[in-house]
Structure formats: structure tokens, C-alpha cells
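# Structural overview
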Amino acid sequence: MIRNAETRWPPVGQFVSVDGARVHYVRAGSGPPLVLIHGASGNVRDWTFALLARLVERFDVIAFDRPGHGYSERIKGAHSPHVQAAHLRKAAAALGVARAVVVGHSYGGTIALTWACDAPETVDALGLICAPSHEWEGSAGRLYDLGDHPVIGPAFSYIYPRLATEGLVEDALTRIFAPNPVPEGYAEHIGPGLAVRYATVRANSADIARLKPYLIAQTPRYPNLPMPVLQIHGTDDTIVPLHIHSERLKAALPGSELLVWEGVGHMPHHARPDEALAALTSLAQTPVGI
């Protein structure tokens, strides 16, 4: 069991209140506004590990903890990507950012995509890194279904963190990064203990287990996206497969850009940080409407 998570990995940023709920964020740099949204089981520390320090040389970067993750409070209905996107959009507005380049990784990419569908006038450009965008076969996974179950879920979410050891966390990170190595120091930096707290397990389970119907309903809206769209996806991503998601979104948006990186798994922004930085910089410089 990983103990004392909040002492070991304290907040790294500041807080803004949105409709009475605290949102934790990191903000640094100057230039065009760039919003970063982390993936499932994650928090802003995924961005602060390496990439943020380089992005701040070019952008006014705001990285958010999603509702119920890291140090952002969970809000009613947050299993809906629309609710999460609206909440983070309000947080950005409260920080004086009405329009931004919005970038998300994995589930955070889904939130960024939903943000763009719901409020395109607030998105100058959209960046999606291994983002779920379309329906897939089967459920999201047994662990997520158990964690979200109305009867079994509370007990599962109480027991599961007590079974999570440092070794199990390292094994999970190895699978997430595969076939690429986990960067040295990442496991400690990300704060894995934050992901296995009871409330976070419940929040993450609900996010993932209930996602598919929202994607099915949202899919017909993709061809109407007016902003520049960039996707980055690894050929070896087994968590969010390229052919199910990014390739289908590219087909719906012929004018968008899809960068397919050979031999890269689910964490391309860590596997190839130089190329990720160059791609995001180019995206932010793309004229709106192109």
C-alpha cells in the first residue's frame, strides 16, 4: 500500500474556484495561451515532468487537474466529458483565458475534443495525443466496471488502493509506456499514490466505464470542427489503438494532421519530447481556419 500520498506528493500549483469547487492548476510562461489536460489516472505532474518546462518558453501554459484527479475537487456529473470540459473552460476563463490552444493526452484528449465540439469559438487549435474519439468493441475493462458499480464499487475502491504497492505501480507504468521505457524519475514524479486514493479510483472508474456512449453521440459532430486539429499517435499504442480512434477521426477531418510515430506506445510526448514540442509549436502557429 502506498501511504501518505498527499504528504509525499503535495500540490505543485495553485487553485481557482469554479462554481464552488477547487480546480488545481499550474501556470507558467508567456505567449499564446496553451491549455494542457492529462489522461486517466493522471494529474498535472505528467506535464510538469519534462515537457512543460520547454513549452513555457513559447506559451502561456495552463495545465489542469481534471475534476476528481490530482487536487481538483470532483463535481456533480463529472463522468460526462461535457461536464468536465465545461468546468475546465470556466476555470480557464476565471484565469483570464477566453481562447486557447487546447491539448489533451488520452482521456484528457477526449475532454479537449469535447471542449472543441461544445465551444469551438474558444479553441484556437486542438491537439490530441492518443485520444479516444470513437466507439470500440466491448467494455472499457473489468476493473473500471467494478470501480464504477453502484453496489460493489465503493468496496472495490476501498480495497484496491490497499493492494497497490510500488512494484504494482511500476508494472502498470511499464505497460502504459510499452514498448518505450519509462523515463528515469517519472514514477516518483507523477505521484502514483494520488491515483490510488479511494475518491480518485471512484472518479477514474466512472470516467472510463461510462465514456463510450458519449463518444458514440459525439462522433457525428467531428466534421464540423472549424479549428486546426493535430493528432499524435503511436503505432504500438495498445491502450487507445490508432486504427480505432485517430485514424477514424482523421477520416472525419481530412484537413487535419495526423502524425503516426512508428514504434511508439501510449506516451509519445515522453517517448519523443523533441518531436512533440515541435509539433505543438507548429500547431499553435497554424492560422485559424486552415
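Heads up: these notes are all about the structure in this document. (Residues numbered from 1 in each chain as written. Predicted model: local features only at pLDDT ≥ 70, side-chain atom pairs only at ≥ 80, totals over all residues. Heavy atoms only, no water.)

## Remarks on the side chain of Asn180
Its place among the elements puts Asn180 in the loop between helix H8 (166-177) and helix H9 (186-190). A polar atom in the side chain of Asn180 sits 2.9 Å from the backbone nitrogen of Gly265. Look past the residues within four positions of Asn180 in its chain and what remains in contact with it is Gly263, Val264, Gly265 and Ala271. (Helix = DSSP H or I, 4+ residues; strand = E, 2+ residues; numbered from the N terminus. Polar contact = N/O pair within 3.5 Å; in protein donor to acceptor, adjacent residues only side chain to side chain. Contact = heavy atoms within 4.5 Å.)

## Section: the packing of helix H5 (residues 107-118) against helix H12 (residues 211-218)
Put simply, H5 and H12 touch, their axes get as near as 12 Å, and they point 35° apart. Crossing handedness for the pair H5 and H12: left-handed. Seen from H5, the contacting residues are Tyr107, Thr110, Leu113, Thr114 and Cys117; seen from H12, they are Leu211, Leu215 and Gln218. Taken together, the residues that form the contact of H5 with H12 break down as five nonpolar, three polar and no charged. (Axes fitted to C-alpha atoms, helices over the stretch in contact; angles between N-to-C directions. Left-handed = near helix turned anticlockwise from the far one by under 90°. Nonpolar A, V, L, I, M, F, W, Y, C, P; charged D, E, K, R; others polar.)

## With respect to the pattern of salt bridges
For the structure shown, the criterion picks out ten salt bridges. Ionic pairing is found between Arg8 and Glu188, a salt bridge with its closest N-O pair at 2.8 Å. Of this pair, Arg8 sits in helix H1 (residues 5-8) while Glu188 is found in helix H9, placing the two residues 180 residues apart along the sequence. With relative accessibility at 36%, the residue Arg8 sits in the partly exposed group. Here Asp207 ties to Arg66 by a salt bridge, and the two come within 3.1 Å at their closest N and O atoms. (Salt bridge = Lys/Arg side-chain N within 4 Å of Asp/Glu carboxyl O. Buried < 20%, exposed > 50% of the residue type's maximum accessible area, 1.4 Å probe, protein only.)

## Some points on the nonpolar core
The biggest cluster of nonpolar side chains holds 38 residues, and the ones touching the most others in it are Ile37, Phe64, Val102, Trp115, Leu126, Leu128 and Leu225. In terms of residues, this core owes the most to one element, H5, which gives seven residues. What Trp115 contacts, discounting residues up to four positions off in sequence, is Val35, Ile37, Ala85, Leu88, Arg89, Ala92, Val102, Pro120, Thr122 and Val123. Membership of the second largest hydrophobic core comes to 26 residues, among which are Leu51, Val101, Leu280 and Leu283. (Core = buried A, V, L, I, M, F, W, Y, C linked by side-chain atoms within 4.5 Å.)

## Section: the side chain of His69
Along the chain, His69 falls in the loop between strand E4 (60-64) and helix H4 (81-94). Note on His69: relative accessible area 0%, which makes it buried. Of note is the side chain of His69, whose polar atom sits 2.9 Å from the side chain of Asp207.

## Regarding the pairing of strand E5 (residues 100-105)
A large share of E5 lies buried, amounting to six of its six residues. Burial along E5 is two-sided: the face carrying Ala100, Val102 and Gly104 and the face carrying Val101, Val103 and His105 are both buried. Direction of pairing for strand E3 (residues 33-37) relative to E5: parallel, over a ladder of four bridges. Residue pairing across strands places Leu34 opposite Val101, the latter belonging to E5. Bridge analysis of E5 against strand E6 (residues 123-129) gives six bridges, and the strand direction is parallel. Note that in E6 the partner of Val102 across the bridge is Leu126. (Pairing = 2+ DSSP bridges.)

## Focus: the sheet that holds strand E7 (residues 229-234)
With mixed pairing, eight strands are arranged side by side in an open sheet as E1-E2-E4-E3-E5-E6-E7-E8. Here the strands that pair on one side only, and so sit at the sheet edges, are strand E1 (14-18) and strand E8 (257-261). Neighbour-to-neighbour, the strand axes of the sheet open up by a mean angle of 20°, direction not taken into account. As paired strands, E6 and E7 are joined by four bridges and run parallel to one another. Along E7, the bridge assignment pairs Ile129 with Ile232. H5 rests against E3, E5 and E6 of the sheet, and its axis sits at about 145° to E5. Strand contacts of helix H15 (residues 273-284): E5, E6, E7 and E8, with the helix running at about 165° to E7, the strand carrying the most contacts.

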